[in-house]
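Observations on the three-dimensional arrangement
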Amino acid sequence: MIEIKSYKDLLIWQKGINIVVNVYELTEEFPKEERYALTSQLKRAALSIPSNIAEGYGRNSTQSYIYFITIARGSLFELETQLILAEKLKLIKNEKLFANLMNQIIEESKMINSFITKIESSKT
């Protein structure tokens, strides 16, 4: 088992970083008029995932840690909703990348839920 010395060792953080990179790549092809609308919202939601995982790691209490991990999970669901909207609005050109992102979101959601359960069970 890998020893966790930093938030960067957490697989949920690493996968969150990959989600951000993929969102940036996907939105490169969005129309310019979406730059300050849906494109901006997608990027913010994606950035919030690994950012909150890192911030939670830096907190001094388990309860704070769980709080920030749940914010990351909320941002993940926000991102998923925005991607669904982008697809319905026919803004997505790279269907393969879109499908990959949706699969990453499912996987990240399961991992975050498992991580929260593990942290909560270690409190007792």
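Conventions adopted
Residues numbered from 1 in each chain as written. Predicted model: local features only at pLDDT ≥ 70, side-chain atom pairs only at ≥ 80, totals over all residues. Heavy atoms only, no water. Helix = DSSP H or I, 4+ residues; strand = E, 2+ residues; numbered from the N terminus. Expected span 1.5 Å × (residues − 1). Buried < 20%, exposed > 50% of the residue type's maximum accessible area, 1.4 Å probe, protein only. Contact = heavy atoms within 4.5 Å. Phe/Tyr/Trp six-rings, centres within 6.5 Å; stacked < 30°, edge-to-face > 60°. Core = buried A, V, L, I, M, F, W, Y, C linked by side-chain atoms within 4.5 Å.

Our focus in this paragraph is helix H3 (residues 62-88). An α-helical segment advances 3.6 residues per turn. Residues three or four places apart therefore align on the same side. The terminal C-alpha atoms of H3 lie 39 Å apart, and with 27 residues this matches the ideal 39 Å at 1.5 Å per residue to within 8%. Within H3, the full set of buried residues consists of Tyr65, Ile66, Phe68, Ile69, Ala72, Ser75, Leu76, Leu79, Gln82, Leu83 and Ala86. Elements in contact with the buried residues of H3: helix H1 (11-27), helix H2 (38-57) and helix H4 (95-123). Immediately beyond the C-terminal end of H3, within one or two residues, lies Lys90, with a positive phi of roughly 60°.

This paragraph deals with H1. A rise of 1.5 Å per residue sets the reference length of H1, with its 17 residues, at 24 Å; its end C-alpha atoms lie 24 Å apart and thus fit the reference within 8%. Among all positions of H1, only Ile12, Trp13, Gly16, Ile19, Val20, Asn22, Val23, Leu26 and Thr27 are buried. Each element contacted by the buried residues of H1 is listed here: H2, H3 and H4.

On to the packing of aromatic side chains. Counting across every chain of the model gives 5 aromatic pairs. With 6.3 Å between their ring centres and 65° between their planes, Tyr7 and Tyr57 make a pair best called edge-to-face. With Tyr7 in the segment before H1 and Tyr57 in helix H2, this residue pair connects regions lying 50 residues apart in the sequence. A relative accessible area of 29% places Tyr57 in the partly exposed class.

Take the nonpolar core next. Grouped together as the largest cluster of nonpolar side chains are 35 residues, with contacts concentrated most on Ile12, Leu26, Ile53, Ile69, Leu79 and Leu83. Elements that contribute at least two residues to this core include exactly H1, H2, H3 and H4. Apart from residues lying up to four places away in sequence, Ile12 is in contact with Ile53, Ile69, Glu108, Met111, Ile112 and Phe115.

All right, on to the environment of Lys8 then. Mapped onto the elements, Lys8 comes out in the segment before H1. Owing to a relative accessible area of 45%, Lys8 belongs among the partly exposed residues under this scheme. Considering only alpha carbons, one finds Lys8 and Ala54, 46 residues apart in sequence, at a separation of 7.8 Å. Non-local contacts of Lys8, meaning those with residues more than four positions away in its chain, are made with Trp13 and Gln14.

If you trace the backbone, Ser40 turns up in helix H2. When its relative accessible area of 15% is taken as the criterion, Ser40 is described as buried.

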